[in-house]
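Notes for the structure review
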Amino acid sequence: MLILSRKVDEKIKIGDDITLTIIEVHGDMVKIGVEAPKSVKIFRQEVFDAIQSENKAAASQISVDALKDIFTAK
């Protein structure tokens, strides 16, 4: 893990297309602006984890027989 120190209005570049800007620091809260192409999905970690959990739960609900029916339907 790379750890960087930044002040308000300073930026971090990730590759050619992503820029993180420190917007505000207030106590233990940091506001970060993210500039990235629309094709890049950006999530807070807790939201990403919830999505992954829901996807796994949904995938476990599908039976092999149901999948066979979907792909062999005419």
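Residues numbered from 1 in each chain as written. Predicted model: local features only at pLDDT ≥ 70, side-chain atom pairs only at ≥ 80, totals over all residues. Heavy atoms only, no water.

**Things to note about the packing of aromatic side chains**
Using the criterion set out here, one finds one aromatic pair in the structure. Measuring from centroid to centroid gives 6.3 Å for phenylalanine 43 and phenylalanine 48, while their planes differ by 45°, and the two rings are tilted. Overall, phenylalanine 48 belongs to the partly exposed group, its relative accessible area being 35%. (Phe/Tyr/Trp six-rings, centres within 6.5 Å; stacked < 30°, edge-to-face > 60°. Buried < 20%, exposed > 50% of the residue type's maximum accessible area, 1.4 Å probe, protein only.)

**Some thoughts on the sheet that holds strand 2 (residues 18-26)**
Ordered in space as 1-2-3, the three strands form an open sheet in which the pairing is antiparallel. Each edge of the sheet is formed by a strand with only one pairing partner; in this case those strands are strand 1 (11-14) and strand 3 (29-35). Averaged over all pairs of adjacent strands, the angle between their axes in this sheet comes to 25°, without regard to strand direction. The pairing of strand 2 with strand 3 spans seven bridges and is classified as antiparallel. Its bridge partner lying in strand 3, threonine 19 is registered against glutamate 35. (Pairing = 2+ DSSP bridges. Helix = DSSP H or I, 4+ residues; strand = E, 2+ residues; numbered from the N terminus. Axes fitted to C-alpha atoms, helices over the stretch in contact; angles between N-to-C directions.)

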